[in-house]
Protein chains: 4
Amino acid sequence: MLRFGLFGAGRIGRVHAASLAAHPRTELAVVHDPVEVAAHEIAALYGGTPTGDADAILGDPGIDAVIIASPTPTHVELLTACAQAGKAVLCEKPIDLDLARVDACWEDIKGLNATVMVGFNRRFDPTFTEMRERVTGGEIGRLEQLLITSRDPAPAPAAYIASSGGLFRDMTIHDLDMARFFLGEVVEVQAIGANLIEPYIAEAGDVDSAVVSMRGAGGELCQITNSRRCAFGYDQRVEAFGADGMLSAGNQTATSVRRSGAAGTETAAPYLHFFLDRYATAYRAELDHLVICMEQGLTPSPGFADGRAALVLADAATESMKTGRTVRVDS
Amino acid sequence: MLRFGLFGAGRIGRVHAASLAAHPRTELAVVHDPVEVAAHEIAALYGGTPTGDADAILGDPGIDAVIIASPTPTHVELLTACAQAGKAVLCEKPIDLDLARVDACWEDIKGLNATVMVGFNRRFDPTFTEMRERVTGGEIGRLEQLLITSRDPAPAPAAYIASSGGLFRDMTIHDLDMARFFLGEVVEVQAIGANLIEPYIAEAGDVDSAVVSMRGAGGELCQITNSRRCAFGYDQRVEAFGADGMLSAGNQTATSVRRSGAAGTETAAPYLHFFLDRYATAYRAELDHLVICMEQGLTPSPGFADGRAALVLADAATESMKTGRTVRVDS
Amino acid sequence: MLRFGLFGAGRIGRVHAASLAAHPRTELAVVHDPVEVAAHEIAALYGGTPTGDADAILGDPGIDAVIIASPTPTHVELLTACAQAGKAVLCEKPIDLDLARVDACWEDIKGLNATVMVGFNRRFDPTFTEMRERVTGGEIGRLEQLLITSRDPAPAPAAYIASSGGLFRDMTIHDLDMARFFLGEVVEVQAIGANLIEPYIAEAGDVDSAVVSMRGAGGELCQITNSRRCAFGYDQRVEAFGADGMLSAGNQTATSVRRSGAAGTETAAPYLHFFLDRYATAYRAELDHLVICMEQGLTPSPGFADGRAALVLADAATESMKTGRTVRVDS
Amino acid sequence: MLRFGLFGAGRIGRVHAASLAAHPRTELAVVHDPVEVAAHEIAALYGGTPTGDADAILGDPGIDAVIIASPTPTHVELLTACAQAGKAVLCEKPIDLDLARVDACWEDIKGLNATVMVGFNRRFDPTFTEMRERVTGGEIGRLEQLLITSRDPAPAPAAYIASSGGLFRDMTIHDLDMARFFLGEVVEVQAIGANLIEPYIAEAGDVDSAVVSMRGAGGELCQITNSRRCAFGYDQRVEAFGADGMLSAGNQTATSVRRSGAAGTETAAPYLHFFLDRYATAYRAELDHLVICMEQGLTPSPGFADGRAALVLADAATESMKTGRTVRVDS
């Protein structure tokens, strides 16, 4: 039984706590949050000792691994401390909003041979996993084009937006990682952003809608479409187009009921709204991957370098949007 | 150029007139209707001489073929006269509502070697034609089950119902022919009817909803579902299930637009409402088949025997509904 | 924490054991199977004490409830004993293959006020549950027609068929219960069976394919299509057609990936093959329903009377198939 | 009856000839092609006098209108001559590959008040027409994103590529016009091209795959995906995403048959391969629009300015691809 510490008792922390409780070979040993009542709440539901003291995790040699689900600005310090304490780490994305800090973090931990995994959960979604395996297996021949549609049901509140690092670092980063999941490295990035949804996003200096075009190292073309709002749910689609055909991952509904009536036919329900519903299986599979890697001494993937690479692409997209130029990325 | 006479200037007569005008090797020479103004209207649109006198068609040796689209009670007499006059005939379904009259008609014409085709237009629908070819070609292995869904958008008016011969002879007859199109002969028929829609249908001694189960000569099972009303259009589906798979013919919409919104996703338009829209191509292909048969001296299909066989099945369904017994049919 | 005993350590017993282990308020206390090694295997996975002695369950006053997942011939005796021992019971379908034994069982337990639930798991499938709620809620107006397609991926082996009670009592019984789930009582039954798949099924005096037509007490028409074999997976669909529209429950695939290539477009995976995959959620929800009923003193549904009623319909279908007559059922 | 002259007896000329023959109020009077045998062939099929002499059209005052379906380099001269001769013109896209020549042409004809229509046939496709009407009608609220997928079944031969003006002016120009159809003016263009398919395309200095991102004058974002090859047919899709929902135009198949088998389920046929099949209705509706404008003295749309504007966008895309910069377009 692997004993886990959890930093962060918010929404995403709760997801990880539930996964830890459900996995047959892990247990939630300690939950940390500066807001101790939040830690207590999660511990009551999923087990473990609640604490407001980070050392209760870092200093406990009986804790094998840590999940970092605290606010982004705390990631680097915790990640470093955990690695130094010899614990395996699953760190939520992004590692940090500032590439320099990410690089400094790497300098601090690179000699430690630490087990570090970055929480790009979508790589573990059964639909995307299957699709990538089939692409890699050659089912559509050489991959030529990858189209990613990614729209959130509703924009985050103003307070969140202000500290989010901007659309590309906060939201698109998942899609940029998805692009790398299929393409490997990306060498060129173009982006256009727009403010179409909420004035407070523009006021924060951020955009709420964007399109990104990229070129993969193998010559593939890639497009990403983002919106902070989607009237019909959480719109998460991927289309891989190759020399011999296409694989498409459509949206998902809670049941397979469809309605036909005078107003229209074959109507499905709105798509699963909440990312925790849409990716519930992915979060569990993500943890399972880490567990297997720890048990078998393997290196988990996506790792630190993947976390960094997605941030590099997010920075490139930000720069392209501002300058109107295609940004080359050194892979 | 084949010269056609047309009996009947009603809704279905107009469809045939349009097909005759559009076909490159036919022309509408004479349109007959006792209501002469109706004949004039069609002639104005699609050419030909309007007339109220049937002999203008029957007695004109320059007329090669006749389409009988007049009311059902007139079919037998016209069909016999046309065959005797040496004209090819496309007679709308049913040949007659009374099997004895149909058989008497056959006695009268069987020695004439006449070219007679019965208007089961659905056999010429590209979707059903393709499906049957693929079934016949072995794509799903041995055919085991055939499911036919056939629902009209709205019930016919009371006056029509009264003289329709009942649901099975009027509406189901198309589905019974579709069953024969896929199965060849049918040997057992069960039916249950119900009155769920309009009281005037029950008052006319007819049903407005029905399910029919049948066994084909090759052992296949077949189900038909009928309704005189369908809120979402003209519901016309066929499912052929075999040892190796299934072919399904779904409904069709005018365009491929789908809508996703807060109330539901992937909503298509209501299905094509009117049988003349849904089967527009079929009517043209039906005529084309007759033309090719006439030009090449072939026997058109479906022929008189098919018209009779569908009526036999309609009678069997009616009897089964009344007696609660499975009715055996001698093929 | 409700403590459960489990009779039967076979395939379906294992499903229930897993549900018991996963439910936060139940535990598997004792697993019984005459083949003790099977009981040991399940206990090792999901907890509880394995035993070959039924009294270890029946005689233990600390056991609150029992799941009967043993072979059908043992159901009545166990159900009776459990009820007499004051335990709540979830009994797998069918209660028995012989209506007289079912009725005798009822005579024995009817005075005990026992909590008895029958395992028609499909009522708890989220898709069918949602569909029924929407029908009941009036979304499609008066329900007029119910179409149920139910095909197994592959026929059971000869030994199973021989003691199955026949297609209608073994397999169709789920669909007959589904019909009752939507229609309430059924008053007329017609059936045609066929042998199209495996000679050993015919040799056992059973059919492998069937169509059933029924009339509900409210006048609705219902059709069931069954096959013991389906090349493309476990084909489980329901279509509810009403005055104002239609709700359809389509098949389900493991992921939402679709393929387009030279051989065809929009190809989904074969449908979930195994009933335990297709109905995994349903089995868990079924248990949860029993737990809630026990906790709150409610009567679970479907109950003993539902188990009996489905068997009555299966007997009626068998009789109709043999006599060729519509069989009336006294509701 | 409007009398038409046709320049160009190639593949697209034949489509227009067929439309002219089928339209009830037009006739094909003269067919011109320097290869006279081609003109003869079309005249034999669809009527009219074949000729190798352009003046047989330009000099005949009885000819009301002209369709220019000859090679692109001849368009400007013919268009100018026709306008000067007082004939209405439907000119195939592009007007010319060189914007300066297009502008010079406009100088020559702008004072003539000529009726000039440019052949962006897709605007007349029933699916896209309906979709735009619904967007314009407010069904999805403010339009925020427009995604256009446009892939040809197979690349044109080397000889064609060499004189095509490049992917953007030859193929994307249709999609650029589609963007303008939905967005009105476009103000920013980004493009990335790639050579993934045929070496001879790269050798001709052209690309065979591309992604284009644009910003509309109203702030909307737009993406276009192009490929010269598509294994599963002619891939023509549009997705309009707005504040209140999304309208999608999917691909179309010849029939509605779908197959389910051991290798996959719900497989549709490959999409209609040939643009003449996919857009057959659009070509007829395009002609009908011109006819109605001529009869009622209206200005047809898309007109000369639309033909120019799409070329401006194609030039901008070409420039962006070469410079890596976002190109601003003056609307």
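Cut-offs and rules
Residues numbered from 1 in each chain as written. Chains lettered and ligands numbered in written order. Predicted model: local features only at pLDDT ≥ 70, side-chain atom pairs only at ≥ 80, totals over all residues. Helix = DSSP H or I, 4+ residues; strand = E, 2+ residues; numbered from the N terminus. Rg over C-alpha atoms; globule rule 2.2 N^0.38 Å. Buried ≥ 20, exposed ≤ 12 C-beta atoms within 10 Å, placed from the backbone. Contact = placed C-beta atoms within 7 Å. Nonpolar A, V, L, I, M, F, W, Y, C, P; charged D, E, K, R; others polar. Least-squares fit on C-alpha atoms with pLDDT ≥ 70 in both. Pairing = 2+ DSSP bridges. Right-handed = clockwise from strand over helix to strand, strands pointing away. Axes fitted to C-alpha atoms, helices over the stretch in contact; angles between N-to-C directions. Parallel < 35°, antiparallel > 145°, perpendicular 65-115°, else oblique. Domains from an automatic or database assignment. Expected span 1.5 Å × (residues − 1). Core = buried A, V, L, I, M, F, W, Y, C linked by C-beta atoms within 7 Å. Left-handed = near helix turned anticlockwise from the far one by under 90°.

Moving on, we get to the overall build of chain A. Along the backbone of chain A there are twelve helices and 15 strands. The globule rule puts the C-alpha radius of gyration for 331 residues at 20 Å, and the 20 Å found for chain A is close to it. Its C-alpha atoms put chain A at 55 × 50 × 45 Å along the principal axes. Per-residue burial for chain A yields a buried fraction of 56% across its 331 residues. Taking as baseline every contact in chain A between residues at least 6 positions apart, the subset at least 24 positions apart corresponds to 69%.

Listed as interface residues are 14 residues of chain B and, on the opposing side, 14 residues of chain A. When contributions to the side of chain B that touches chain A are tallied by element, the ones reaching two or more residues are β13 (257–261) and β14 (264–267) of chain B. In terms of residue count, the dominant contributor to the side of chain B that touches chain A is β14 of chain B (four residues). Per-class residue counts for the side of chain B that touches chain A are seven nonpolar, five polar and two charged.

Let's shift gears to the environment of Thr323 of chain C. Residues and elements named next belong to chain C. Secondary-structure assignment places Thr323 in helix α12 (residues 304–323). Thr323 sits in the exposed class, given 11 other C-beta atoms within 10 Å. Sequence separation between Thr323 and Gly166 is 157 residues; the distance between their C-alpha atoms is 16 Å.

Moving on: the relation of the copies chain B and chain A. For the pair chain B and chain A, the best superposition has an RMSD of 0.0 Å and corresponds to a rotation of 180° with a translation of 0.0 Å parallel to the axis. The superposition operator between the copies reduces to a two-fold rotation axis. Identified as the residue of chain B closest to the rotation axis by C-alpha distance is Thr267 of chain B, at 2.2 Å. Interface overlap between copies: 100% of the residues of chain B at the interface are likewise at the interface in chain A, consistent with a symmetric, same-surface contact.

Bringing the pairing of strand β6 (residues 116–119) of chain D into the picture now. Residues and elements named next belong to chain D. A two-sided burial pattern is seen for β6, the buried positions comprising Val116 and Val118 on one face and Met117 and Gly119 on the other. The pairing of strand β5 (residues 88–92) with β6 spans four bridges and is parallel. Considered in β6, the bridge of Glu92 is made with Gly119. Chirality of the crossover, the property in question, places the unit of β5, helix α5 (residues 99–109) and β6 among those that are right-handed.

Residue and element names in this part refer to chain A. The strand order across the open sheet built from six strands is β3-β2-β1-β4-β5-β6, with neighbouring strands paired in parallel fashion. Only two strands of the sheet have a single neighbouring strand rather than two, namely β3 (49–51) and β6 (116–119). Each strand axis lies, on average, 20° off the axis of its neighbour in the sheet, ignoring direction. Across six bridges, the pairing between strand β1 (residues 2–7) and strand β2 (residues 26–32) is parallel. Looking at β2, one finds that Leu6 is bridged to Val31. Running over the sheet, helix α11 (residues 280–296) touches β1, β2, β4 (65–68), β5 (88–92) and β6 and is turned about 160° from β5.

Residue-level contacts link 27 residues of chain A with 27 residues of chain D. Split by residue class, the side of chain A that touches chain D holds eleven nonpolar, eleven polar and five charged.

What follows deals with the packing of helix α4 (residues 75–84) of chain A against helix α5 (residues 99–109) of chain A. Residues and elements named next belong to chain A. At a closest axis distance of 10 Å, the pairing of α4 and α5 adopts a crossing angle of 10°. As summarised for this structure, α4 and α5 are arranged roughly parallel, according to the angle between their axes. Here α4 contributes Val76, Leu79, Thr80 and Ala83 to the contact with α5, which in turn contributes Arg101, Cys105, Asp108 and Ile109. Among the residues forming the contact of α4 with α5, the class breakdown is five nonpolar, one polar and two charged.

Residue and element names in this part refer to chain A. In terms of domain boundaries, chain A breaks down into domain 1 (2–114) and domain 2 (123–282 + 309–328). Each of domain 1 and domain 2 has a C-alpha centre, and these two points are 27 Å apart. Between domain 1 and domain 2, the residue contacts involve seven residues of the former and seven residues of the latter.

The next subject is helix α11 (residues 280–296) of chain C. Residues and elements named next belong to chain C. Between its first and last C-alpha atoms α11 spans 25 Å; for 17 residues at 1.5 Å apiece the expected length is 24 Å, and the two agree. Residues of α11 that are buried include every one of Ala282, Tyr283, Glu286, Leu287, Leu290 and Val291, and no others. The elements touched by buried residues of α11 are β1 (2–7), α1 (11–22), β2 (26–32), β4 (65–68), β5 (88–92) and β6 (116–119). Positioned one or two residues after α11, Gly297 has a phi angle of 70°, which is positive.

With that out of the way, let us pick up the nonpolar core. Formed by 207 residues in total, the largest nonpolar core has its most connected members in Leu79 and Val89 of chain A together with Leu79 and Val89 of chain D. Residue contacts for Val89 of chain D: discarding those within four places in its chain leaves Val66, Ile68, Leu79, Cys82, Ala83, Ala114, Thr115, Val116 and Met117 of chain D. Counting residues in each nonpolar core, the second largest holds 204 residues, with Ala179 and Tyr279 of chain B together with Ile63 and Leu143 of chain C among its members.

So, about the relation of the copies chain A and chain D. When chain A is fitted to chain D, the residual RMSD is 0.0 Å, and the transformation amounts to a turn of 180° plus an axial shift of 0.0 Å. Taken as a fraction of all interface residues of chain A, those also at the interface in chain D reach 100%, which identifies the copy contact as same-surface.

Our next topic: the environment of Leu78 of chain D. All names here are of chain D. Turning to its location among the elements, Leu78 is positioned in helix α4 (residues 75–84). Taking the number of C-beta atoms within 10 Å as the measure of exposure, Leu78 has 22 and is therefore buried. Measuring from C-alpha to C-alpha, the distance between Leu78 and Gly165 comes to 19 Å, with 87 residues separating the pair along the chain.

With that out of the way, let us pick up α4 of chain D. Residues and elements named next belong to chain D. Among the ten residues that make up α4, seven are buried, leaving the element largely enclosed by the rest of the structure. When we look at burial in α4, the residues that qualify are His75, Val76, Leu78, Leu79, Ala81, Cys82 and Ala83. Among the residues trailing α4, Gly86 stands out with phi positive, at a value near 80°.

Our next topic: unusual backbone geometry. Excluding glycine, most residues fall at negative phi; most peptide bonds, likewise, are trans. The omega torsion of the bond from Lys93 of chain B to Pro94 of chain B falls at -15°, within 30 degrees of zero and hence cis. The peptide bond linking Ser301 of chain D to Pro302 of chain D adopts the cis configuration, its omega dihedral lying at 5°. Its place among the elements puts Pro302 of chain D in the loop between α11 (280–296) and α12 (304–323). Here Asn113 of chain C, not a glycine, exhibits a phi torsion of approximately 55°, which is positive. Examined against the element boundaries, Asn113 of chain C turns out to sit in the loop between α5 (99–109) and β6. You can call Asn113 of chain C exposed: it has 9 C-beta atoms within 10 Å.

This paragraph deals with the sheet that holds strand β15 (residues 327–328) of chain A. Strands in a sheet are paired, the pairing made by backbone hydrogen bonds, and the direction either parallel or antiparallel. If you walk across this open sheet you meet the nine strands as β15(A)-β8(A)-β9(A)-β10(A)-β7(A)-β11(A)-β12(A)-β13(C)-β14(C), and the pairing is mixed. Strands with a single pairing partner mark the edges of an open sheet, and in this sheet they are β15 of chain A together with β14 (264–267) of chain C. Relative to β15 of chain A, strand β8 (residues 186–194) of chain A is paired through two bridges, and the arrangement is antiparallel. Across the sheet, residue Glu188 of chain A finds its bridge partner in β15 of chain A, namely Arg328 of chain A. Where helix α8 (residues 167–183) of chain A meets the sheet, it contacts β7 (143–151), β8, β9 (209–216), β10 (221–227) and β11 (235–242) of chain A, and its direction lies at approximately 150° from that of β7 of chain A. Of the strands in this sheet, β8, β9 and β15 of chain A touch helix α12 (residues 304–323) of chain A, which is tilted by about 50° from β8 of chain A.

Assignment of secondary structure puts Ala249 of chain C in strand β12 (residues 245–249). When the C-alpha atoms of Ala249 of chain C and Val118 of chain C are compared, they prove to be 23 Å apart, with 131 residues separating the residues in sequence. Apart from the residues within four sequence positions on either side, Ala249 of chain C is in contact with Ser256 and Val257 of chain A together with Thr127, Phe128, Met131, Arg237 and Val238 of chain C.

It is worth spelling out the packing of α8 of chain A against α12 of chain A at this point. All names here are of chain A. Between α8 and α12, the least distance of the axes is 8 Å, while the angle of their chain directions is 120°. Our pair here, α8 against α12, has a crossing hand that is right-handed. The segment α8 lies against α12, with Phe168, Arg169, Thr172, Ile173, Leu176, Asp177 and Arg180 engaging Asp306, Ala309, Ala310, Leu311, Leu313, Ala314, Ala317 and Thr318.

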